[in-house]
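Residue-level listing of the chains:
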Amino acid sequence: MKQALEFFPLIVFFVAYQLTDIITATIILTITSFISFGTILFYSKKIVYMPLISALLVGVFGFLTWYLDNPIFIKIKPTILNILFGLILITAYFCKKPLIKLILEQAFKMDDHNWLVLTLRWGLFFLFIALINEIVWRN
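Residues numbered from 1 in each chain as written. Predicted model: local features only at pLDDT ≥ 70, side-chain atom pairs only at ≥ 80, totals over all residues. Heavy atoms only, no water.

## Side note on the environment of Val-58
For step 1, the next point in the chain: Relative to the assigned elements, Val-58 resides in helix H3 (residues 49–68).
For step 2, the next point in the chain: Overall, the relative accessible area of 2% leaves Val-58 in the buried class.
For step 3, the next point in the chain: For the pair Val-58 and Lys-77, spaced 19 residues apart in sequence, the C-alpha separation works out to 7.0 Å.
For step 4, the next point in the chain: Aside from chain neighbours lying at most four places away, what touches Val-58 is Leu-29, Thr-30, Ser-33, Phe-63 and Lys-77. (Helix = DSSP H or I, 4+ residues; strand = E, 2+ residues; numbered from the N terminus. Buried < 20%, exposed > 50% of the residue type's maximum accessible area, 1.4 Å probe, protein only. Contact = heavy atoms within 4.5 Å.)

Shown next, in the form of structure tokens:
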């Protein structure tokens, strides 16, 4: 259910974008992101940081998109979010803190070395996705 709630705002955004324009779709994305985070918080009874960070960034960049009537802000939001996650994970790798273990520990059983390797790979993956987002929205 948590994953469905995390993807819900994105799905609503794409549907709204097909039916309206990017500014209206961004407003809808911002609202649904906070609803989604609130729902996750209500059911899990704890703060889940990735949806929180995502909702806050969507809120900031969504507001800027709406207020300045400029879609560039919502286009660069995924780049900034992915760079942030990538740098956090790569920093955790070099500090020997396998952060991915905190998220996926229930699903996978591995030793700490493998968790560190996975943390580094996810960090690099997020940086790669940031680069891809920049290429796509600029072209």
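## Observations concerning the packing of aromatic side chains
For step 1, the next point in the chain: The final tally for this structure, using the stated rule, is eleven aromatic pairs.
For step 2, the next point in the chain: On the basis of an interplanar angle of 65 degrees and a centroid distance of 5.4 Å, the ring pair of Phe-13 and Phe-14 is categorised as edge-to-face.
For step 3, the next point in the chain: Given the relative accessible area of 11%, Phe-13 is considered buried.
For step 4, the next point in the chain: Of the residues examined, Phe-14 reaches a relative accessible area of 47% and is grouped as partly exposed.
For step 5, the next point in the chain: Of note, Lys-45 hangs over the ring of Phe-42, and the distance from its end group to the ring centre comes to 4.5 Å.
For step 6, the next point in the chain: Sitting over the face of the ring of Tyr-93, Lys-96 holds its NZ or CZ atom 5.6 Å from the ring centroid. (Phe/Tyr/Trp six-rings, centres within 6.5 Å; stacked < 30°, edge-to-face > 60°. Lys NZ or Arg CZ within 6 Å of the ring centre and 35° of its normal.)

## Observations concerning the packing of H3 against helix H4 (residues 72–94)
For step 1, the next point in the chain: Where H3 meets H4, the closest approach of the two axes is 9 Å, and the angle between their N-to-C directions is 155 degrees. Classed by the angle they form, the pair H3 and H4 counts as roughly antiparallel. The crossing of H3 and H4 is right-handed. Across the interface between the two elements, Met-50, Ile-53, Ser-54, Leu-57, Val-58, Phe-61, Gly-62, Leu-64, Thr-65 and Leu-68 of H3 pack against Phe-73, Ile-74, Ile-76, Lys-77, Ile-80, Leu-81, Leu-84 and Phe-85 of H4.
For step 2, the next point in the chain: Broken down by class, the residue content of the contact of H3 with H4 amounts to 14 nonpolar, three polar and one charged. (Axes fitted to C-alpha atoms, helices over the stretch in contact; angles between N-to-C directions. Parallel < 35°, antiparallel > 145°, perpendicular 65-115°, else oblique. Left-handed = near helix turned anticlockwise from the far one by under 90°. Nonpolar A, V, L, I, M, F, W, Y, C, P; charged D, E, K, R; others polar.)

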